[in-house]
Amino acid sequence: MKTCLIVDDSKVIRMVARKILQELEFETIEAADGKIALEACQSKMPEAVLLDWNMPVMSGIEFLREMRALPGGDAPVVVFCTTENDIEHIQEAIEAGANEYIMKPFDSEIIQVKFAQVGLL
Amino acid sequence: MKPEDFDFISKLINEQSGLVLTRDKAYLLESRLMPVARKRGLNGLEDLIAGMRARVDKELTQEVMEAMTTNESFFFRDIKPFEIFRENILPHLLQSRADKKSFRIWCAAASSGQEPYSLAIILNEEASKLAGWRTEIVGTDISVDILNKAKAGLYSQFEVQRGLPIQLLLKYFTKQGDMWQANSKIASMVQYKEYNLLDSLLPLGKFDVVFCRNVLIYFDQKNKTKVLEGISTLLPDDGVLFMGGAETVLGISDKFKPVSGQRGVYSLTRNG
């Protein structure tokens, strides 16, 4: 079973994402900001990360840059999941090493299709 | 809805579009036709059906057809058929059509354009191999409204996320407010035409590849056979037909046979 780290400061979003990902047979772990997520990655790299952009303490993009620099940090497939829907943000995310990008709001179908596209399903 | 009303409307829809509606689909009829009734200021489905029975308003019948035959679509729907097209079919076309340097693709139920634009994206991504080639993608649908949407190439954020990888979204679409617009690179590659699959297909001309995915499932046996036989006359001996993963030609037409290892792809039986 693959592990997906869900990083979002909203408890509700984490819960929705958890339910969708568990139905897709992922084991899920959660983090409420980038710093907690980074600590989780330092302990064990997940196969996938579903990543919000705007969070307190450490943003999604800061987390992504730091995670990619860690040993083994190039391995996780990172899918941004954010309300930031302008081209500049999307390009910045891709340049920082994001594999896919979901613009909120999302539904289970979008997550499923995006995860399939990046080879997670 | 009264059973006689359901029977009247399902018969009319079947005659005009081939779509089969069984009684367990009454909810579908109601949910799709209520907006048509509301748009026309009618009191409900009974008034709408009365109007259709009178057969004085052809536009009303057309609107009902459109409401019933419009289906949601995805970019690169099911992924695999598009991989097969890129990895197997396209290399074959490039090799076998090297002399005339042209081929034509038909999307038989183009709906709001996601399938033809997905194919246009693949051809663009392979542009270096297609330099000097003339490629044509024709998208047809029975619904004028949905074809207008396809021609406009304007999609909501929700729609572009259904199947379109983010890199391809950035490359082939521009953002316009909350919507995303297909750019000229792909828009210029697709021609759209209103077409009823139950009419003679010959005026469409010959095609090398036909996508007729998740369309025939709505047709009865007789019309499925009619459409498949019609498609077979448009294809050259090495032409291919893509159907939906859950669809089959078994027991419907002996003109096609499944291509081994390529789910949903069919070749002509006359090709051996």
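Quick caveat, the model's predicted, so the values are computed rather than measured. Along every chain, residues carry numbers that run from 1 in the direction the sequence is written. Labels are handed out in written order, letters beginning with A for the chains and numbers beginning with 1 for the ligands. Local features in this predicted model are restricted to residues of pLDDT 70 or higher, and side-chain atom pairs are both shown and tallied only at a pLDDT of 80 or more, whereas totals for entire chains, interfaces and linings draw on every residue. Calculated side-chain values reflect all of the structure's heavy atoms, with hydrogen atoms and water omitted.

1. Comments concerning the overall build of chain A
Helix numbering and strand numbering both begin at the N terminus, where a helix is a DSSP run of H or I of at least 4 residues and a strand a DSSP run of E of at least 2. Per the secondary structure count, chain A includes 5 helices and 5 strands. Going from N to C terminus, chain A has its helices and strands arranged as β-α-β-α-β-α-β-α-β-α. Here the radius of gyration uses the C-alpha set of atoms, whereas the globule reference equals 2.2 Å times the residue count to the power 0.38. For 121 residues, the compact-globule estimate of 2.2 N^0.38 gives 14 Å, and the C-alpha radius of gyration of chain A, at 13 Å, lies within 12% of that figure. For chain A, contacts bridging at least 24 residues in sequence account for 60% of all contacts bridging at least 6. Summing over all exposed atoms, chain A offers an accessible surface of approximately 5500 Å²; the carbon and sulfur share of this is 50%. Of note, chain A has its 11 positive side-chain charges centred 6 Å away from the centre of its 21 negative side-chain charges. Contact criterion: two residues are considered in contact whenever any of their non-hydrogen atoms come within 4.5 Å of each other. Computed with a 1.4 Å probe, the accessible areas rest on the Shrake-Rupley method; for each residue, only the protein chains presented here act as cover. Only four residue types enter the charge count: Lys and Arg as positive, Asp and Glu as negative, with His and the chain ends excluded. To locate a charge, take NZ of a lysine, CZ of an arginine, CG of an aspartate or CD of a glutamate.

2. Overview of the pattern of salt bridges
All names here are of chain B. Basic side-chain nitrogens of Lys or Arg form a salt bridge, by our definition, when they fall within 4 Å of a carboxyl oxygen of Asp or Glu. A full pass over the atoms with the stated rule returns 24 salt bridges over all chains. Salt-bridge contacts for D78 lead to R213; the nearest nitrogen and oxygen are separated by 2.8 Å. One end of the pair, D78, is in the loop between α4 (58-69) and α5 (80-96); the other, R213, is in the loop between β7 (209-211) and α11 (221-234), and 135 residues separate them in sequence. The cut-offs for exposure are 20% and 50% of the maximum accessible area for each residue type, with area from a 1.4 Å probe on protein chains only; residues under the lower value are buried, those over the upper are exposed, and the others partly exposed. On the accessibility criterion, D78 (48% relative accessible area) is partly exposed. Using a relative accessible area of 8% as the deciding quantity, one classes R213 as buried. Across the pair K80 and E83 runs a salt bridge, and its minimum N-O distance is 3.6 Å.

3. A short note on the sheet that holds strand β2 (residues 26-31) of chain A
Backbone-to-backbone hydrogen bonds pair the strands of a sheet. The strands run either parallel or antiparallel. Residues and elements named next belong to chain A. Strand order in the open sheet formed by 5 strands is β2-β1-β3-β4-β5, with parallel pairing between adjacent strands. Bordering the open sheet on either side are β2 and β5 (100-103), each of which pairs with just one other strand. Averaged over all pairs of adjacent strands, the angle between strand axes in this sheet comes to 20°, irrespective of strand direction. The pairing criterion for strands is at least two bridges between them, as found by DSSP. Bridge analysis of strand β1 (residues 2-7) against strand β3 (residues 48-51) gives 4 bridges, and the strand direction is parallel. Its bridge partner being in β3, V7 is matched across the sheet by L51. Angular values range over 0 to 180 degrees, each being the angle between N-to-C directions of two axes fitted as lines to C-alpha atoms, with helices fitted over their stretch in contact. Sheet contacts for helix α1 (residues 11-23): β1, β2 and β3; angle to β2, the most-contacted strand, approximately 165°.

4. With respect to the packing of aromatic side chains
Paired rings are identified among Phe, Tyr and Trp, the last through its six-membered ring, by centres lying within 6.5 Å, and are further divided according to the angle between planes into stacked (under 30 degrees), edge-to-face (over 60) and tilted (the rest). With the rule as written, the count across this model stands at 14 aromatic pairs over all chains. Note on F26(A) and F115(A): the rings are 5.5 Å apart at their centroids and 90° apart in plane angle, and the pair reads as edge-to-face. Of this pair, F26(A) sits in strand β2 while F115(A) sits in helix α5 (residues 108-117), placing them 89 residues apart in sequence. Side by side, F26(A) and F115(A) carry an identical accessibility label, which is buried. Cluster of aromatic residues (ring-pair linked, three or more members): F75(B), Y117(B), Y155(B), F173(B) and Y192(B).

5. Some thoughts on the interface of chain A and chain B
Interface extent is often summarised as the accessible area lost during association of the parts. Taken together, the contact between chain A and chain B spans 20 residues of the former and 16 residues of the latter. Buried area: the accessible surface (1.4 Å probe) lost by two parts on joining, summed over both. For the pair chain A and chain B, the two sides together bury roughly 1600 Å², of which 63% comes from carbon and sulfur. Taken together, chain A and chain B are joined by 2 salt bridges. As a salt-bridge pair, R162(B) and E109(A) come within 2.2 Å of each other at their nearest N and O atoms. Polar contact criterion, stated in full: a pair of N or O atoms within 3.5 Å, where within protein one must be able to donate a hydrogen and the other to accept it, and residues adjacent in sequence count only if both atoms are side-chain atoms. If you look at where chain A meets chain B, you find 10 residue pairs in polar contact (both at pLDDT 80 or more). Of all the secondary-structure elements, those providing two or more residues to the side of chain A that touches chain B are α4 (87-95), β5 and α5 of chain A.

6. Structural notes on helix α6 (residues 114-125) of chain B
One full turn of an α-helix is made of 3.6 residues, so residues set three or four places apart face in the same direction. Residue and element names in this part refer to chain B. How far a helix is expected to stretch is found by multiplying one less than its residue total by 1.5 Å. Taking 1.5 Å as the rise per residue, α6 with 12 residues should run 16 Å; its terminal C-alpha atoms sit 16 Å apart, in good agreement. With respect to burial, α6 is a largely interior element, 11 of its 12 residues being buried. Turning to α6, its buried residues number three or more, namely Q114, E115, P116, Y117, S118, L119, A120, I121, I122, L123 and N124.

7. Digging into the pairing of strand β10 (residues 265-268) of chain B
All names here are of chain B. Every second residue of β10 is oriented toward a common face, with V265 and S267 on one face and Y266 and L268 on the other, all of them buried. Here 3 bridges tie strand β8 (residues 240-242) to β10, and the two strands are oriented antiparallel to one another. Of the residues in β10, the one forming a bridge with V240 is S267. Judged from the 3 bridges that link them, strand β9 (residues 256-258) and β10 form a sheet pairing that is antiparallel.

8. Some details on the nonpolar core
The term nonpolar core refers to a set of buried residues drawn from Ala, Val, Leu, Ile, Met, Phe, Trp, Tyr and Cys, joined through side-chain atoms within 4.5 Å. Judged by nonpolar contacts, the single largest core of 68 residues is most densely connected at F63(A), F85(B) and F173(B). Among the elements that make up this core, the one with the highest residue count is α5(B) (7 residues). Excluding its chain neighbours within four sequence positions, the residues that come into contact with F173(B) are F75(B), I121(B), Y155(B), L164(B), L168(B), W180(B), Q181(B), A182(B), N183(B) and I186(B). Listed in part, the 26 residues of the second largest apolar core include L204(B), V215(B), L216(B) and V227(B).

9. A look at a nonpolar patch on the surface
Residue and element names in this part refer to chain A. A cluster of nonpolar side chains, V12, M15 and V16, forms an exposed patch at the surface whose accessible area comes to about 230 Å². In this fold, V16 is placed in helix α1. The class of V16 is partly exposed, set by a relative accessible area of 31%. Any residue with relative accessible area above 30% and no salt bridge may belong to a patch, with like charges joined within 9 Å and the nonpolar Val, Leu, Ile, Met, Phe, Trp and Tyr side chains within 5 Å.

10. What about unusual backbone geometry?
Here the residue pair K104(A) and P105(A) is connected by a cis peptide bond, since its omega of 0° sits within 30 degrees of zero. Inspection of the secondary structure puts P105(A) in the loop between β5 and α5. Despite not being glycine, V57(A) has its phi angle at roughly 70°, a positive value. Here V57(A) is to be found in the loop between β3 and α3 (60-69). Exposure remark for V57(A): the relative accessible area of 66% places this residue in the exposed category. Here the phi dihedral of D78(B) falls at roughly 70°; this positive angle occurs in a residue that is not glycine.

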